[in-house]
Amino acid sequence: MDKLALHGGPRAIPEPLPGTGGGGAGVSLINEREIEAAASVLRSGKLFRFHPESEVRAFEREAAAWIGTQHALMVNSGTSALICALTGLGIGPGDEVIVPAYTYIATPAAVVAVGAVPVIAEIDDSLGLDPSDVRRKITSYTKAIIPVHMQGVPCRLGAIGEIAAEHGLLVIEDCCQCIGGRYRGQVVGTLGAAGAWSLNYFKIITCGEGGLVFTDDPVVYERACFAADPALPMWMRESIPAEGWLDRPFSAQCYRPSELLGAIARVQLSKLDGILAHTRKLKGTFLAHLDTPMTYDTQAVDDPSGDCGISAAIIVKDGVSPSLFAEALTAEGLPCGTAHNDGFPDRHIYKYWDSILDKRSHHAQAAPWSHPAYSGCVEYARDMCPATLDILGRALRFGLNMRMTPEHAKLMAQAINKVDRALA
Ligand SMILES: Cc1ncc(COP(=O)(O)O)c(C=O)c1O
């Protein structure tokens, strides 16, 4: 058997793996095209979205066509895209919305922002929502479920969709980390009532900060537009999408993006197919070179063909030390740690969502948990999702990025095989 690097043997990955420098796939591809797109907006002096040759509008049209959805609205972040989706669907005080225990805090924060109560449900070995816990968490106040497709991997949408249909619940897909992922042939975000992308620095495509909310429903779109800009009746006089549109305005926040964001996002969108082709090839190579595991299971993926390929995860089996597995892999040249640990844990775990767990709001009277319209009772505790903490305490995740080649992916798999054999 090969001697582990941890015990003085040769490393499975001799040279450091290429990193991203911090950002996601999109930022590592920024070149003269994005620079020229931004410069040309600056030269034009037209930085505001409401004008006839709007870059933001063009991005919305192009993104809608790429996704295969009727309506898309660009906003200034993924958080605001989620808020606009929830507002668009009429979710507010008195309602509960089920979110996974493993997601960026923006998911429950968006629920709170519209005045609804987030209900935290367990994840399973897909590292996404566990459908059976979703079922357990449904109450008479539940209005919607937000499945989150973490790190490019579509979650168990089929089962979640069935539960939602059974109980008459809305599904809002948080695709912020899964731009371009597919589930059984459809682009994620189009299986539910609305979808949301984030275009921040860490995402598959980026314009620095930005977001997109999309839906097939014209009323949801209209409401999302008002959620993003209360001054629409003023700005849209010349381009009203449908009869009666401006008769139903309401005031909320302002999440309007600038033309600079639209111009950069258009260039990035044109690179999306190339990004996904590369990352999917990396993941395919990685999986193809993994031996049959003895000490771990690979992350469960309902529909591998729709996986964006930007990450891979293994879940170390009970009885094997996850920290030893991580330490051995790191010594082999594949730096990693468990998602949940006592050192520097992944802050996407619900346990670290302090403002949610403490039910803190910007104003005492605005807290959804004590709103007069809400008659339910949701309690949170840091240990309330033991299955999530257990799985994430055994999960090791690996990023796959645009600077890597299939040879790197193969070496990563070989390092895992080596540690697996040694620990079996
Ligand atoms: C799963 C998830 N949801 C929502 C968001 C919010 O996106 P943004 O940071 O653009 O507001 C993010 C961003 O990191 C995310 O990862």
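Residues numbered from 1 in each chain as written. Predicted model: local features only at pLDDT ≥ 70, side-chain atom pairs only at ≥ 80, totals over all residues.

1. Regarding the overall build of the chain
Part 1 of the reasoning: Within the chain one finds 13 helices and twelve strands.
Part 2 of the reasoning: Whereas a compact globule of 424 residues would reach a radius of gyration of roughly 22 Å, the chain reaches 22 Å, a difference of no more than 12%.
Part 3 of the reasoning: Each of the three principal axes of the chain carries a C-alpha extent, and together these read 75 × 55 × 35 Å.
Part 4 of the reasoning: Considering the chain as a whole, with its 424 residues, one finds that 50% of them fall into the buried category.
Part 5 of the reasoning: Contacts in the chain between residues at least 24 apart in sequence constitute 75% of all its contacts with a sequence separation of at least 6. (Helix = DSSP H or I, 4+ residues; strand = E, 2+ residues; numbered from the N terminus. Rg over C-alpha atoms; globule rule 2.2 N^0.38 Å. Buried ≥ 20, exposed ≤ 12 C-beta atoms within 10 Å, placed from the backbone. Contact = placed C-beta atoms within 7 Å.)

2. Details of unusual backbone geometry
Part 1 of the reasoning: Phi at arginine 184 takes a positive value of approximately 45°, unusual for a residue other than glycine.
Part 2 of the reasoning: Position of arginine 184 relative to the elements: it lies in the loop between strand E6 (182–183) and strand E7 (186–187).

3. Here's the deal with the site of the ligand
Part 1 of the reasoning: Among the 15 residues in the neighbourhood of the ligand, the closest are listed as Ser77, Gly78, Thr79, Ala106 and Ser198.
Part 2 of the reasoning: Taken together, the elements giving at least two residues each to the shell around the ligand come down to helix H3 (78–88) and helix H4 (106–113).
Part 3 of the reasoning: Broken down by class, the residue content of the shell around the ligand amounts to five nonpolar, nine polar and one charged. (Near = placed C-beta within 6 Å. Nonpolar A, V, L, I, M, F, W, Y, C, P; charged D, E, K, R; others polar.)

4. Focus on the pairing of strand E8 (residues 194–198)
Part 1 of the reasoning: Counted residue by residue, E8 has five buried out of five residues, so it is predominantly covered.
Part 2 of the reasoning: Neither face of E8 is left uncovered, since the one carrying Ala194, Ala196 and Ser198 and the one carrying Gly195 and Trp197 both have all their residues buried.
Part 3 of the reasoning: For strand E5 (residues 170–174) and E8, the ladder comprises three bridges, and the chain directions are parallel. If you follow glutamate 173 over to E8, its bridge partner there is glycine 195.
Part 4 of the reasoning: With four bridges joining them, E8 and strand E9 (residues 211–215) adopt antiparallel strand pairing. Of the residues in E9, the one forming a bridge with serine 198 is glycine 211. (Pairing = 2+ DSSP bridges.)

5. A short note on the pairing of strand E3 (residues 117–121)
Part 1 of the reasoning: Summarising burial for E3: five of the five residues are buried, a large majority.
Part 2 of the reasoning: Neither face of E3 is left uncovered, since the one carrying Val117, Val119 and Ala121 and the one carrying Pro118 and Ile120 both have all their residues buried.
Part 3 of the reasoning: Judged from the five bridges that link them, strand E2 (residues 96–100) and E3 form a sheet pairing that is parallel. In the sheet register, valine 99 faces E3, and the bridge partner there is isoleucine 120.
Part 4 of the reasoning: Handedness of the crossover is the feature at issue here: the chain leaves E2, passes through H4, returns alongside E3, and the resulting connection is right-handed. (Right-handed = clockwise from strand over helix to strand, strands pointing away.)

6. Description of the sheet that holds strand E1 (residues 71–75)
Part 1 of the reasoning: Read across the open sheet, the seven strands follow the order E1-E9-E8-E5-E4-E2-E3; overall the sheet is mixed. In this open sheet, the two edge strands, each paired with only one partner strand, are E1 and E3. Ignoring which end each strand starts from, the neighbouring axes of this sheet average 25° apart.
Part 2 of the reasoning: Along the sheet face, helix H2 (residues 55–67) touches E1 and E9 and points at about 135° away from the line of E1. (Axes fitted to C-alpha atoms, helices over the stretch in contact; angles between N-to-C directions.)

7. Concerning the sheet that holds strand E12 (residues 395–399)
Part 1 of the reasoning: The strand order across the open sheet built from three strands is E10-E11-E12, with neighbouring strands paired in antiparallel fashion. Looking at the sheet topology across the chains shown, the edges are occupied by strand E10 (296–298) and E12. Averaged over all neighbouring strand pairs, the angle between strand axes comes to 25°, with direction disregarded.

8. Thoughts on H2
Part 1 of the reasoning: Over its 13 residues, H2 extends 18 Å from the first C-alpha to the last, a length consistent with the 18 Å expected when each residue adds 1.5 Å.
Part 2 of the reasoning: Those residues of H2 not exposed but buried are Glu55, Val56, Phe59, Glu60, Ala63 and Ile67. The buried residues of H2 occupy an angular sector of 140° when projected down its axis, which confines them to one face.
Part 3 of the reasoning: Structurally, H2 contributes buried residues whose contacts are with helix H1 (32–44), E1, E7, E9 and helix H9 (259–288).
Part 4 of the reasoning: At the exit of H2 stands glycine 68, carrying a positive phi of roughly 85°. (Expected span 1.5 Å × (residues − 1). Arc of directions from axis to C-beta.)

9. Some points on the nonpolar core
Part 1 of the reasoning: Grouped together as the largest cluster of nonpolar side chains are 129 residues, with contacts concentrated most on Leu73, Cys84, Ala85, Leu86, Ala144, Val213 and Ala224.
Part 2 of the reasoning: Ranked by residues supplied to this core, first place goes to H9 with ten residues. (Core = buried A, V, L, I, M, F, W, Y, C linked by C-beta atoms within 7 Å.)

10. A closer look at the environment of methionine 412
Part 1 of the reasoning: By the element assignment, methionine 412 lies in helix H13 (residues 406–423).
Part 2 of the reasoning: The spatial distance from the C-alpha of methionine 412 to the C-alpha of isoleucine 13 is 7.2 Å, given a sequence separation of 399 residues.
Part 3 of the reasoning: Sequence-distant contacts of methionine 412, that is, excluding residues within four places in its chain, are made with Ile13, Phe286, Leu334 and Phe398.

11. Regarding the packing of H2 against H9
Part 1 of the reasoning: At a minimum axis distance of 7 Å, the contact between H2 and H9 shows a crossing angle of 30°. As summarised for this structure, H2 and H9 are arranged roughly parallel, according to the angle between their axes. Handedness of the H2/H9 crossing: left-handed. Contact residues: H2 offers Glu55, Val56, Ala58, Phe59, Glu62, Ala63 and Trp66, while H9 offers Glu259, Gly262, Ala263, Ala265, Arg266, Leu269 and Leu272.
Part 2 of the reasoning: Per-class residue counts for the contact of H2 with H9 are nine nonpolar, one polar and four charged. (Parallel < 35°, antiparallel > 145°, perpendicular 65-115°, else oblique. Left-handed = near helix turned anticlockwise from the far one by under 90°.)

12. So, helix H7 (residues 218–228)
Part 1 of the reasoning: Counted residue by residue, H7 has nine buried out of eleven residues, so it is predominantly covered.
Part 2 of the reasoning: All buried positions along H7 are accounted for by Val220, Tyr221, Glu222, Arg223, Ala224, Cys225, Phe226, Ala227 and Ala228.
Part 3 of the reasoning: Buried residues belonging to H7 abut E1, H3, E8, E9 and helix H8 (232–235).

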